[in-house]
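# Overview (structure and organization)
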Amino acid sequence: MNKYNIVLIGFMGSGKTTIGKRLSLHYKKEFIDTDDFIEKKEGMKISEIFQKYGEEYFREKEEELCERFSIKKSKIISTGGGIIKNTKNMDNLKEGGKIFYLQTTAEKVIENLKNDNTRPLLQGDNKYEKVKALLEERTPLYEKYADHTINVCDSSLEYTVSLIESIIDDFK
Ligand code: S3P
């Protein structure tokens, strides 16, 4: 574990932040959530950043942040669901870390986010269709960059966390 950052990628509502926090507690390593980091730095919620400056500005902030993570520092990093849209981000993250893709379904995302309206890309009507379309578009990218794919749909949080830990513990 000491050699790498552990990077969690996956769709909105797949559990990256929750799982990342658990791993950080277990390994006593620093936890970084890219959305949280950007919100604190900008002094604004993600939804406000999108509203005021647009998605492109937010993506620039993500890119700046990922540049720091090409260094192997044994951090646990949970990323925003769109991080994979930028090749540079993934080159940097892969250079310093092992990438775990938390794989889920549109149905599960809808269930997990049913009381959460904070995601700017899922505002308005037809949430299910929006999730489905984005998930379809992004799945090949998540798959392309994953070192490990973890299906999080049918498993408890405890099982998922212990599965990831068992993979990390096997790293040389
Ligand atoms: C986004 C996912 C969000 C956040 C922003 C954009 C995306 O993060 O970065 O709303 O493009 O999928 P989570 O995956 O943590 O919800």
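Residues numbered from 1 in each chain as written. Predicted model: local features only at pLDDT ≥ 70, side-chain atom pairs only at ≥ 80, totals over all residues. Heavy atoms only, no water.

### Things to note about the sheet that holds strand E3 (residues 76-78)
Two modes of strand pairing occur in sheets, parallel and antiparallel, and in both the strands are linked by backbone hydrogen bonds. A sheet is described by the order of its strands in space; here five strands give the open sequence E2-E3-E1-E4-E5, paired in parallel fashion. Lying at the two open borders of the sheet, with one neighbouring strand each, are strand E2 (31-33) and strand E5 (148-151). Going across the sheet, the axis of each strand differs from the next one's by a mean of 20°, ignoring polarity. In this sheet, E5 lies alongside strand E4 (residues 97-103) in parallel orientation, the contact comprising four bridges. The partner of Leu 102 across the bridge, within E5, is Ile 150. Contacting strand E1 (5-10) and E4, helix H5 (residues 87-96) runs over the sheet at an angle of about 115° to E4. (Pairing = 2+ DSSP bridges. Helix = DSSP H or I, 4+ residues; strand = E, 2+ residues; numbered from the N terminus. Axes fitted to C-alpha atoms, helices over the stretch in contact; angles between N-to-C directions. Contact = heavy atoms within 4.5 Å.)

### As for the nonpolar core
Of all hydrophobic cores here, the largest spans 31 residues; its most connected members are Ile 9, Phe 11, Ile 83, Ile 84, Met 90 and Leu 93. Counting only elements with at least two residues in this core, the list comes to E1, helix H3 (46-53), helix H4 (55-67), H5, E4, helix H6 (106-112) and helix H7 (127-145). Among residues more than four places away in sequence, those in contact with Ile 84 are Ile 9, Met 90, Arg 138, Leu 141, Tyr 142 and Tyr 145. In terms of nonpolar packing, the next biggest core, distinct from the first, is built from 16 residues, Tyr 4, Ile 6, Ile 76 and Leu 102 among them. (Core = buried A, V, L, I, M, F, W, Y, C linked by side-chain atoms within 4.5 Å. Buried < 20%, exposed > 50% of the residue type's maximum accessible area, 1.4 Å probe, protein only.)

### So, unusual backbone geometry
We note that Ser 74 has phi near 50°; this positive angle belongs to a residue other than glycine. On the secondary structure map, Ser 74 appears in the loop between H4 and E3. With relative accessibility at 11%, the residue Ser 74 sits in the buried group. Even without being glycine, Asn 126 reaches a positive phi, approximately 55°. Mapped onto the fold, Asn 126 is located in the loop between H6 and H7.

### Focus: H5
Turning to H5, its buried residues number three or more, namely Asn 89, Met 90, Asn 92, Leu 93 and Gly 96. Projected down its long axis, H5 shows its buried positions confined to an angular sector of 160°, all on one face. The secondary structure elements touched by the buried residues of H5 are E1, H4, E4 and H7. You can read the cap of H5 off the contacts: a side-chain oxygen lies 2.8 Å from the backbone nitrogen of Lys 88, and it is on Asn 86. (Arc of directions from axis to C-beta. Polar contact = N/O pair within 3.5 Å; in protein donor to acceptor, adjacent residues only side chain to side chain.)

### A look at the packing of aromatic side chains
Across all of its chains, the model carries five aromatic pairs by this definition. Judged by centre distance (5.7 Å) and plane angle (75°), the ring pair of Tyr 4 and Phe 171 falls under edge-to-face. Residue Tyr 4 is located in the segment before E1, and its partner Phe 171 is located in the segment after helix H8 (157-169); the two are separated by 167 residues in the primary sequence. Considered together, Tyr 4 and Phe 171 belong to a single accessibility category, that of buried residues. Judged by centre distance (6.4 Å) and plane angle (45°), the rings of Phe 100 and Phe 171 are tilted. Placement of the pair is Phe 100 in strand E4 and Phe 171 in the segment after H8, with a sequence separation of 71 residues. (Phe/Tyr/Trp six-rings, centres within 6.5 Å; stacked < 30°, edge-to-face > 60°.)

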